[in-house]
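For reference, the chains in residue letters:
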Amino acid sequence: MKQLSSQVNKLILHEIRIEWKSRQAFTSIIVYSLASIYITYLCFRQGIDPITWNALFWIILLFAATNAVAKSFLQESRGLQFYYYTLLNPRAVILSKTIYNVLLLVILGMINFACYAILFEIPIGDLYQFLIGLVLGSMGLSATLTLVSGIVSRANNNASLVAILGFPLLFPLLLTTIRFSKNAIDGLDWSINQPYFIILSALNVLIIALSYLLFPYLWRE
Amino acid sequence: MKKTRPISHSWWWKVIALVCLLYTYIAGFLGTVPAMPILNETIRNLFFHVCMWMSMFVLMTVNVVYGIRYLSTNNSYDDLVAEEAARASMVFGIAGLVTGMVWANFTWGAPWVNDPQLNGTAATMLLYAAYFILRNAVNDEAKKSKLAAIYSIFAFAMMMVFIMVLPKLTDSLHPGKGGNPGFNKYDLDSNMRMVFYPAVIGWTLIGVWIMSLRIRFRLVEQSYLEKL
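Each chain has its residues counted from 1, running along the sequence as written. In the order they appear in the text, chains get letters beginning with A and ligands get numbers beginning with 1. Per-residue local features of the predicted model are confined to residues with pLDDT of at least 70, and side-chain atom pairs are confined, for both listing and counting, to 80 or more; whole-chain, interface and lining totals are unaffected and use all residues.

**As for the overall build of chain A**
Counting from the N terminus, the helices are DSSP H or I runs at least four residues long and the strands are E runs at least two residues long. Per the secondary structure count, chain A includes eight helices and zero strands. Of the regular secondary structure in chain A, the N- to C-terminal order runs α-α-α-α-α-α-α-α. Its C-alpha atoms put chain A at 55 × 35 × 30 Å along the principal axes. The 221 residues of chain A split such that 42% are buried. This entry defines residue contacts through backbone-placed C-beta atoms, with two residues in contact when those atoms are within 7 Å. Relative to all contacts within chain A whose residues are 6 or more apart in sequence, the contacts with residues 24 or more apart total 84%. As a rule, residues whose C-beta atom has 12 or fewer other C-beta atoms within 10 Å are exposed, those with 20 or more are buried, and those in between are partly exposed; C-beta atoms are placed from the backbone.

Right under this line is the structure:
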C-alpha cells in the first residue's frame, strides 16, 4: 500500500514535469476550448437562455475533455509502456493517470467557466453549487475517458475511437451533471440538488473503482 | 458410456418456448384486457414490447457474466458466448425499440419523446454498437476478447445506473409511472398476468435459443477453418 502511494506520487510528479517542460498539450487544449467558446459567442450574439447556456457549456467541456484526456495513454510509445510494465504496479499507473487528468480537467473547466461567464452574462443563482457540479462533472469525465483511453491504446491507437467508446458511457454522468448545474443556475435550494449530488458522487466512486479493478487486466498482455 | 449433451442441445426447453409464444399470440390478441383510458387496446403491447426488454436484459447479463469469466479463465469459448449474447441482445433491443415506437405513436402521438427510459435505451444501443466497433478495431483474437470484456463490464455498470437509478429521479411518460394509468401492481389484473408471465418466459427462451444457435454455428465454423 505504501509502495503504491509512493509510485502514484512519483508518476503524477513525472506527468506534471513532462507537461511543464513542453506546455504544448495544455496550451493547445486551452486554445481549443477558447476557440469553441468564441464560436458559440459569435453564434449567440443576440442573447442566450440559461438552458442553452448550460448545455453548450457542458458540450464544449465534453469535447475539450475528450481531446485532453485521449492523449494520456496514446502519446506513450510502446517502449515506454514496456518499461513501465517491468517497473510499476498497474494500479499505480491508472490511479496516477486518473488523478493527473482530474487535476487537468478541473483547471480546464474553471478557466472555461471564467471565460464563458465573461462572454455571456448569465446570472448564476448559486455559484458554489455550480462549482461543486463543475468539479464533480469534470472528475467523472476525466476518470471515464482515462480508462477508455487505456482500452484504445491497446486496441489500435486511433484517437477517434476514444469518442466512439467514451460518449455512450458518459450519458448518465452528463445527464446528471447538466441537471445539477441547471438547478444551481436557477438558484434552487440545496435540498433539491442533494439527490443529484449523491448520484454524481456515487458515479465518480463507481467509475474510479471500476478502473482500479479492471486496469490490471488491460495491463497484462 | 453415453456422452452427456449440453443443455443447449436438448429439445425440451425449445418446446416450452414455442408453446409459451403460441399461447402469448393467441391469448394476447384474443383474451380480455382491462379497458384503460388512453391505452385502450394498445395495452396488449405489454406482452410483446416489455418482454423484448426483459429478454434483452437477460442476454446482457449473460454478456457481462461471461465477460467476467473470460477475464478470469482466458478461455476463448467464454468470449464467444459473450459476443453472441451481445449480438442477440442487440436484436431484441431493436425489436423492443420498434414495438415501443409503434405503440408510442398511438398513445403519445409521437414515436420518440424525451423520456428517461427512451434515453436509457438510446444509450444502451449506442453502447452495444460501440462494443462491436471495438471488437472490429482489434485484429489480435486474445486482445480483442480481453478489451471487449473490460469494456462490456464498464458499459454494463453505467447502463445499470442509467436504467435503474436515473429514472427514479424524474417522471416518466411510461404507463404505471409518474401517475400514468398502466400496469403496475394494482392495475395489472390476473387475466393479463396469466399471459404476461408465459410471454416473458417464452421470449427469453427464444433469445437464448438464438444465442445458442449462433454459438454452435460459430463453433462449427471454427472447426471447419481449422481443418483447412
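After that view, the rundown keeps rolling.
**Quick notes on the overall build of chain B**
Of regular secondary structure, chain B possesses six helices and zero strands. When its helices and strands are written in sequence order, chain B yields α-α-α-α-α-α. Buried positions account for 36% of the 228 residues belonging to chain B. Considering only contacts within chain B whose residues lie at least 6 apart along the sequence, 73% involve residues at least 24 apart.

**What about the packing of helix H3 (residues 50-74) of chain A against helix H6 (residues 127-155) of chain A?**
Residue and element names in this part refer to chain A. At their nearest, the axes of H3 and H6 sit 8 Å apart, and the two run at 45° to each other. Our classification of the angle between H3 and H6 gives oblique. Between H3 and H6 lies a crossing of right-handed hand. Touching Leu-62, Ala-65, Thr-66, Val-69, Ala-70, Ser-72, Phe-73 and Leu-74 of H3 are Leu-141, Ser-142, Leu-145, Thr-146, Ser-149, Gly-150, Val-152 and Ser-153, all from H6. Residues are grouped as follows: Ala, Val, Leu, Ile, Met, Phe, Trp, Tyr, Cys and Pro are nonpolar; Asp, Glu, Lys and Arg are charged; every other residue, Gly included, is polar. When the residues that make up the contact of H3 with H6 are grouped by side-chain class, the tally is nine nonpolar, seven polar and no charged. For helices, the fitted axis covers only the stretch in contact; all axes are lines through C-alpha atoms, and the angles between them, taken along N-to-C directions, range from 0 to 180 degrees. Oblique is the label for every angle not falling under 35 degrees (roughly parallel), over 145 degrees (roughly antiparallel), or within 65 to 115 degrees (roughly perpendicular). Helix crossings fall into two classes, left-handed where the near helix is turned counterclockwise from the far one by less than a right angle and right-handed where it is turned clockwise.

**Here we look at the interface of chain B and chain A**
Every contact between the two is made by 24 residues of chain B and, on the other side, 23 residues of chain A. Contributing elements (two or more residues each) for the side of chain B that touches chain A: helix H4 (116-137) and helix H5 (141-169) of chain B. Per element, the largest residue contribution to the side of chain B that touches chain A is 15 residues, and it comes from H5(B). Residue composition of the side of chain B that touches chain A, grouped by class: 22 nonpolar, no polar and two charged.

**Remarks on the packing of helix H7 (residues 159-185) of chain A against H4(B)**
Taken N-terminus to C-terminus, the directions of H7(A) and H4(B) make an angle of 155°; their axes are 9 Å apart at the nearest point. As the angle between them shows, H7(A) and H4(B) are arranged roughly antiparallel. Where H7(A) crosses over H4(B), the handedness of that crossing is left-handed. Contact with H7(A), carried on its side by Leu161(A), Ile164(A), Leu165(A), Pro168(A) and Phe171(A), involves Ala123(B), Leu126(B), Leu127(B), Ala130(B), Ile133(B), Leu134(B) and Ala137(B) of H4(B) and no other residues of that element. Looking at the contact of H7(A) with H4(B) residue by residue, the classes come out as twelve nonpolar, no polar and no charged.

Purely geometric numbers; function is a separate question.
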